[in-house]
Amino acid sequence: MIHIIVAIGNQGEIGYKNQLLCHLPADLKHFKELTTGHTILMGRKTWDSLPKKPLPNRRNLVISRNKDLQLEGAEVFASPEEALKNIGIGEEVFIIGGEQIYQLFVNKADKIHLTHILADFEADAFFPKINPEEWYLCEEVPFEKDEKNPYNFIFQTFIRKQK
Ligand SMILES: NC(=O)c1ccc[n+]([C@@H]2O[C@H](COP(=O)([O-])OP(=O)(O)OC[C@H]3O[C@@H](n4cnc5c(N)ncnc54)[C@H](OP(=O)(O)O)[C@@H]3O)[C@@H](O)[C@H]2O)c1
């Protein structure tokens, strides 16, 4: 199964200057709970942006066109197809960004775990628009801001509609 996991602002923004939009510990906890024990797949720029890498207790996969690239703790693949060929049957894969990699996988994914942060951010990276004809919103869990999490947000789960 291919999952996408992403946090967006009101305009679909996901990042600025190769950083996340903001620091939301409750969302990071949610990310960790969903992805731990599974495989995560990311673009080379998102890998570069991780403060601590590889992300522990997960199989870390990175996509890069640089054939000489070697990363400690991650497997590097030259294309999305090559990465998918190396996924076992029954393996749960989480596409964790960034923009380029979401674009490559949004039509291949089965589920989207989306954190909608109810705010507008300066950004240079965006998530593709979710087409309501293709995706069914099956769960919404609101979260109210608190002393550690400066924005209200909603955890939303989308499942691909059957054709
Ligand atoms: N809000 C969120 O949930 C979230 C999550 C993750 C990331 N982000 C943000 O997203 C931004 C980064 O996104 P981005 O689009 O700039 O970078 P990205 O998608 O993380 O990585 C792009 C890189 O992936 C490789 N790549 C792309 N297409 C490829 C293909 N077809 N075949 C092989 N390799 C390919 C290339 O690496 P090489 O240059 O090495 O060839 C390319 O430079 C940052 O601001 C980050 O903080 C946000």
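Please refer to the structure placed before this passage.
About the cut-offs
- Each chain has its residues counted from 1, running along the sequence as written.
- Owing to the predicted nature of the model, reporting of local features is limited to residues with pLDDT of at least 70; listing and counting of side-chain atom pairs is limited to 80 or more, with chain, interface and lining totals taken over all residues.
- Values reported for side chains reflect all heavy atoms of the structure, with hydrogen atoms and water molecules removed beforehand.
- One requirement defines pairing of two strands: DSSP has to find at least two bridges between them.
- A run of H or I in DSSP becomes a helix once it reaches four residues, and a run of E becomes a strand once it reaches two; helices and strands are each numbered from the N terminus.
- Residue exposure (1.4 Å probe, protein chains only): buried if accessible area is under 20% of the type maximum, exposed if over 50%, otherwise partly exposed.
- As used here, the arc belongs to the directions running from the helix axis to the C-beta atoms.
- Residues count as neighbours in contact if any of their non-hydrogen atoms are within 4.5 Å of one another.

Brief notes about the sheet that holds strand S9 (residues 125-126)
The strand order S3-S2-S9 describes an open sheet built from three strands, whose pairing is antiparallel. Sheet topology places strand S3 (19-20) and S9 at the edges, where each strand pairs with a single neighbour. Pairing between strand S2 (residues 13-16) and S9: two bridges, direction antiparallel. When the sheet's bridge partners are listed, Glu13 is paired in S9 with Phe126.

Considerations on helix H1 (residues 25-35)
Among the residues making up H1, those that are buried are Ala26, Asp27, Phe31 and Thr35. The arc enclosing the buried residues of H1, seen along the axis, measures out at 155°, which places them on a common side. In H1, the exposed residues that point more than 90 degrees away from the buried face are Lys29, Lys32 and Glu33. Looking at the buried side of H1, the elements it contacts are strand S1 (2-8), strand S4 (39-43), strand S7 (93-95), strand S8 (111-117), strand S10 (135-143) and strand S11 (153-160). At the C-terminal side of H1, Gly37 shows a positive phi close to 85°.

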